[in-house]
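Architecture at a glance
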Amino acid sequence: MLLEDMAMTLLNVAPLYRSSVGFDRMFELLEAASSRGQAADNYPPFDSVRLADDQYRITMAVAGFREEDLEISTQANWLTVSGERSAEPEGEYLHRGIATRPFQRRFELAEHVQVVGARLADGLLSIDLKREIPEAMKPRRIDIESAAGAKDSVRQLLDQAAA
């Protein structure tokens, strides 16, 4: 690899650490993605689409695979899709243009993103995802008491203690 190529693939996020708070996880993901390199396997091809603010869909081209040949699993923040053909069709191939080799493709999911469904139709595997933020994690409004209100509550506590 040429020195120029190495310089282009390096990602230095150190300056971003100084000017931000709470984005450590995002920067770690950027560094990990840049260190993986360009030699990733692109089989099977897929599309990822945002359908709404908190809804996503991953569609994979899995021509030649049946439902029983595919497996979808989640563990922690990882979605894993794997496939392996269980039986070869009869006959001798004169030309084999449809790739049916075994595969495993992994997707890292953001926090609180869950798989809500999957379907196989017309050689496309569609996996629907939804971000469901727990109520405790959603933003909430904090009321601000005025100084007069705080004095009244202190006065009430003093009156109760005297009684």
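Read on for a plain summary of the structure. Computed from a predicted structure; not experimentally measured. (Residues numbered from 1 in each chain as written. Predicted model: local features only at pLDDT ≥ 70, side-chain atom pairs only at ≥ 80, totals over all residues. Heavy atoms only, no water.)

1. Some points on the sheet that holds strand E2 (residues 55–61)
Pairing within the open sheet is antiparallel, and its four strands lie in the order E1-E2-E7-E6. Each edge of the open sheet carries a strand with a single partner, namely strand E1 (46–52) and strand E6 (113–121). With strand direction ignored, the average angle separating the axes of adjacent strands in the sheet is 20°. Relative to E2, E1 is paired through six bridges, and the arrangement is antiparallel. (Pairing = 2+ DSSP bridges. Helix = DSSP H or I, 4+ residues; strand = E, 2+ residues; numbered from the N terminus. Axes fitted to C-alpha atoms, helices over the stretch in contact; angles between N-to-C directions.)

2. Regarding the pairing of E2
The antiparallel pairing of E1 with E2 creates a hairpin that spans two residues between the two strands. When E2 meets strand E7 (residues 124–131), the two strands line up antiparallel, connected through seven bridges. Looking at E7, one finds that Ala61 is bridged to Leu124.

3. Some points on the pairing of E6
Bridge count for E6 against E7 is eight bridges, and the pairing is antiparallel. Within E7, the position partnered with Arg119 by the bridge is Ser126. Connecting E6 to the next strand, E7, in antiparallel fashion are two residues, including Asp122 with a positive phi near 55°.

4. Quick word on the nonpolar core
Counting 15 residues, the largest nonpolar core has Met60, Val62, Leu79, Val81, Phe103, Leu125 and Leu129 as the members making the most contacts within it. Sorting the residues of this core by element identifies E2, strand E4 (78–83), strand E5 (103–108) and E7 as the ones contributing at least two each. Not counting the four nearest positions on each side in its chain, Val81 is found in contact with Met60, Glu71, Ile72, Phe103, Gln104, Arg105, Phe107, Leu125 and Ile127. (Core = buried A, V, L, I, M, F, W, Y, C linked by side-chain atoms within 4.5 Å. Buried < 20%, exposed > 50% of the residue type's maximum accessible area, 1.4 Å probe, protein only. Contact = heavy atoms within 4.5 Å.)

5. Some details on the packing of aromatic side chains
Under the definition given, this model contains three aromatic pairs. Look at Phe46 and Phe107: their rings are 5.0 Å apart centre to centre, the planes differ by 85°, and that puts the pair in the edge-to-face class. Separated by 61 residues along the polypeptide, Phe46 in strand E1 and Phe107 in strand E5 bring together distant segments of the chain. Among the residues examined, Phe46 registers a relative accessible area of 34% and is labelled partly exposed. (Phe/Tyr/Trp six-rings, centres within 6.5 Å; stacked < 30°, edge-to-face > 60°.)

6. A word on the sheet that holds E5
Picture the strands of a sheet paired through backbone hydrogen bonds; they go either parallel or antiparallel. Read from one edge to the other, the open sheet built from three strands follows the order E3-E4-E5, with strand pairing classed as antiparallel. The open sheet has two free edges, formed respectively by strand E3 (70–75) and E5, since each of these has just one partner strand. Neighbour-to-neighbour, the strand axes of the sheet open up by a mean angle of 15°, direction not taken into account. Where E3 meets E4, six bridges bridge the pair, whose relative direction is antiparallel. Along E4, the bridge assignment pairs Leu70 with Gly83.

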